[in-house]
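# Analysis of the macromolecular model
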Amino acid sequence: MEAKKSHLTVHLLYTVCVAIIGSLQFGYNIGVINAPDKIITAFYNSSHVLRTGKPLSPEAIDRLWSASVSIFSVGGMIGAFSVGLFVNRFGRRDSMAMVNSVAVVGATLMGFSRAAASYEMVITGRLVIGLYCGLASGLVPMYVGEISPTSLRGAFGTMHQLGVVIGILIAQILGLEQLLGNVDRWPWLLGLTAFPSLAQTGLLLCCPKSPRYLLINRNEEVEAREVLQKLWGVDDVEGEIVEMREESRKMSLERRVTLRELIRSPLYRQPLTVAIMLHLSQQLSGINAIFYYSTRIFREARVKNPIAATIGTGIVNTAFTVVSLFLVERVGRRTLHLVGLGGMAASTLVITIAMALQERVPDLSYVSVAAVFLFVAFFEVGPGPIPWFIVAELFSQGARPAAVALAGSANWTSNFLVAMVFPFVADACGPYVFIIFFVALLIFLVFTYFRVPETKGRTFDEISSAFRLEGVEKDPMVSSGTLGLGAEGEGHLRVGPGAQSPGGATDKAPGAGSVSEVGVTEI
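Predicted model only: the values in this text are computed from it and were never measured. (Residues numbered from 1 in each chain as written. Predicted model: local features only at pLDDT ≥ 70, side-chain atom pairs only at ≥ 80, totals over all residues. Heavy atoms only, no water.)

## Here's the deal with the overall build of the chain
Regarding its fold elements, the chain presents 24 helices and 2 strands. Put simply, of all contacts in the chain between residues at least 6 apart along the chain, 80% involve residues at least 24 apart. Approximately 21,200 Å² of the chain is accessible, and the part contributed by carbon and sulfur atoms is 65%. (Helix = DSSP H or I, 4+ residues; strand = E, 2+ residues; numbered from the N terminus. Contact = heavy atoms within 4.5 Å. Areas by Shrake-Rupley, 256 points an atom, 1.4 Å probe, with all protein chains shown as cover.)

## Comments concerning the packing of aromatic side chains
Summed over all chains, the structure comprises 9 aromatic pairs. Geometrically, the ring pair formed by Phe 434 and Phe 437 is tilted, given 6.4 Å between the ring centres and 50 degrees between the ring planes. A residue pair is termed a helical-turn pair when its members lie 3 or 4 positions apart in one helix, as Phe 434 and Phe 437 do in helix H22 (residues 434-451) at 3 residues. Accessibility classification places Phe 434 together with Phe 437 in one group, the buried group. These aromatic residues form a ring-pair network of at least three members: Phe 26, Phe 72, Trp 388 and Trp 412. (Phe/Tyr/Trp six-rings, centres within 6.5 Å; stacked < 30°, edge-to-face > 60°. Buried < 20%, exposed > 50% of the residue type's maximum accessible area, 1.4 Å probe, protein only.)

## Focus: the nonpolar core
Of all hydrophobic cores here, the largest spans 99 residues; its most connected members are Val 16, Tyr 44, Val 83, Leu 190, Leu 262 and Phe 395. Element by element, the count of residues in this core is highest for helix H7 (residues 119-147), at 15 residues. Apart from residues lying up to four places away in sequence, Tyr 44 is in contact with Leu 56, Leu 64, Trp 65, Ser 68, Tyr 119, Val 122 and Ile 123. Ile 287, Phe 298, Ile 351 and Val 376 belong to the second-largest nonpolar core, a separate cluster that totals 28 residues. (Core = buried A, V, L, I, M, F, W, Y, C linked by side-chain atoms within 4.5 Å.)

## A short note on a nonpolar patch on the surface
A grouping of Leu 349, Ile 353, Leu 357, Tyr 432, Ile 435, Val 439 and Ile 443 is seen on the molecular surface, where their side chains present a nonpolar patch of about 590 Å² in accessible area. For the nonpolar patch, the elements supplying multiple residues, two or more each, are helix H18 (333-357) and H22. When you line up the elements, Ile 443 lands in helix H22. (Patch = residues over 30% accessible without salt bridge, like charges linked within 9 Å, V, L, I, M, F, W, Y side chains within 5 Å. Salt bridge = Lys/Arg side-chain N within 4 Å of Asp/Glu carboxyl O.)

## Regarding the pattern of salt bridges
Inspection of the entire model under this criterion finds 16 salt bridges. Its salt-bridge partner being Glu 220, residue Arg 218 comes within 3.0 Å of it at the nearest N-O pair.

## Remarks on the side chain of Ser 68
Locating Ser 68 in the fold gives a position in helix H4 (residues 58-81). Relative accessible area serves as the criterion here: at 0%, Ser 68 is assigned to the buried category. Sequence-distant contacts of Ser 68, defined by excluding residues within four places in its chain, comprise Tyr 44, Ile 123 and Arg 126.

## A closer look at the side chain of Ser 324
Turning to its location among the elements, Ser 324 is positioned in helix H17 (residues 306-331). A polar contact is formed between the side chain of Ser 324 and the backbone oxygen of Val 381, at a distance of 3.0 Å. Sequence-distant contacts of Ser 324, that is, excluding residues within four places in its chain, are made with Thr 158, Leu 336, Glu 380, Val 381 and Pro 385. (Polar contact = N/O pair within 3.5 Å; in protein donor to acceptor, adjacent residues only side chain to side chain.)

## Topic: the packing of helix H8 (residues 153-174) against helix H20 (residues 386-394)
At a closest axis distance of 8 Å, the pairing of H8 and H20 adopts a crossing angle of 135 degrees. Between H8 and H20, the angle is such that the two are oblique. Packed against H8, whose contacting residues are Arg 153, Gly 154, Gly 157, Thr 158, His 160 and Gln 161, the element H20 presents Trp 388, Phe 389 and Glu 393 at the interface. Each residue belonging to the contact of H8 with H20 can be placed in one class, and the counts come to 2 nonpolar, 5 polar and 2 charged. (Axes fitted to C-alpha atoms, helices over the stretch in contact; angles between N-to-C directions. Parallel < 35°, antiparallel > 145°, perpendicular 65-115°, else oblique. Nonpolar A, V, L, I, M, F, W, Y, C, P; charged D, E, K, R; others polar.)

## Some details on empty space enclosed by the protein
Picture a little ball the size of a water molecule; that probe, rolled over the atoms, points out where space is still empty. For the structure shown, the criterion picks out 5 cavities of 30 Å³ or more. What the largest cavity holds in volume is close to 70 Å³. Ser 137, Gly 138, Trp 388, Val 404 and Gly 408 are, among the 14 residues lining the largest cavity, the residues nearest its centre. Mapped by element, the contributors of at least two residues to the lining of the largest cavity are H7, H20 and helix H21 (400-429). Looking at the lining of the largest cavity, the element that brings in the most residues is H7, giving 5 residues. (1 Å grid on protein atoms, 1.4 Å probe; cavity = no way out; pocket = protein on both sides within 12 Å on 5 of 7 lines; lining within 4 Å. Points joined across faces, edges and corners; volume = space filled by probe spheres on them.)

## Brief notes about unusual backbone geometry
With phi around 50 degrees, Ala 117 is a residue other than glycine that occupies positive phi space. If you check the backbone angles, Asn 219 has positive phi at about 60 degrees while not being a glycine. Mapped onto the elements, Asn 219 comes out in the loop between helix H11 (211-217) and helix H12 (221-232).

So this is what it looks like as structure tokens:
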């Protein structure tokens, strides 16, 4: 257990804020491509005319633009899958500094594309910047989770999503025609992303390495203790050091967990299923579909400036992420995720009914607008921020990099598939397309209720031990000592009726998949 007197310090806040510059970059590059779309496609056509003397067909322009948008997710998939390669070799902090060079390359390609009259540079730059964002989406939550006290881990974990939505909002504002979203300045809009990466690289020099990485991966206990004392503002960090020593001992008895072992072993099956389902609940919730339809909804509601309304959606995004930041340690991750999914399902149903009937009842268009804002608000309360940081909480140090990589890849892959398939489904189903998302949200709601644990106030070892026991009896690799903690199952914690909680009280049998109801005793 961590020292109870740990509290928020200037150094801890500085370190978290520097880390989430990567999250801001992620959000900025999600939103930056949308505002100047017509200007950029006109550039594609003019650069082709300059080379060949012939204009591109409308179909060719659509294909190039689709490639420019979707290839970002392809880069994200590759980047997310590569997280483990970096963190195990270079550590969390140094990996964040290194991958900033990838962002600079991507920004340079896009920023100088007009000067080179090359639309290929825009598309390649989007692929490269997607690779960076995929890496950042795994590195930032992992680093922030490992430097945070247990009492602040959820709030700081939510700051990753806060960085993302602030980045989206900044991109929406800078993309206005009066600022950078015009014929003369759009290369600056795309290339601007290099500057935060350069700034973060310098600022990271004043940030410590992850104390868990120092002690568990490199066996540097003195350095880890000093980092914790400085970050948390306390001298007594013995509880956290003891927990990390125990986790290090368990890691020394097992091999490094590879992606293949993570997938095949029953030991990790439940937490891995939870991690992937949470990420799928984020991307298959319909949030991207809502943004796809939002301009149409605002226009049909006779909003005078649909672009301003879209920026208003970004403000709602940011505001309710801040709400989640303050609620997550009071209410809990699981509860907020359930509330978010339930609210999104209800909002989706309202949007479907209002859009289907608004030709008969025009005033229902205003109901559609209100439902869109509610949908976005509920998304940022739970499904938006929680999947990014809860994955790091569900796994021990050895399995965490592989788990973050796999869950992040699932997120980016589902994002890519939704972007590719949704326009065709929307054309076929019209406003009733949201019924698909309504059903998906109900499925995720039921899964979360029965299978997702509450991790609030639990240490990494308590959470992973509770999961680990569910798979230890089933895993032949454990009894043989291949993956296990010795042939005897040494070091595992028993979970179930009559088991003792960390506080010594006897807990009930676990219900609704909640770790908070699971007691643990060492065998």
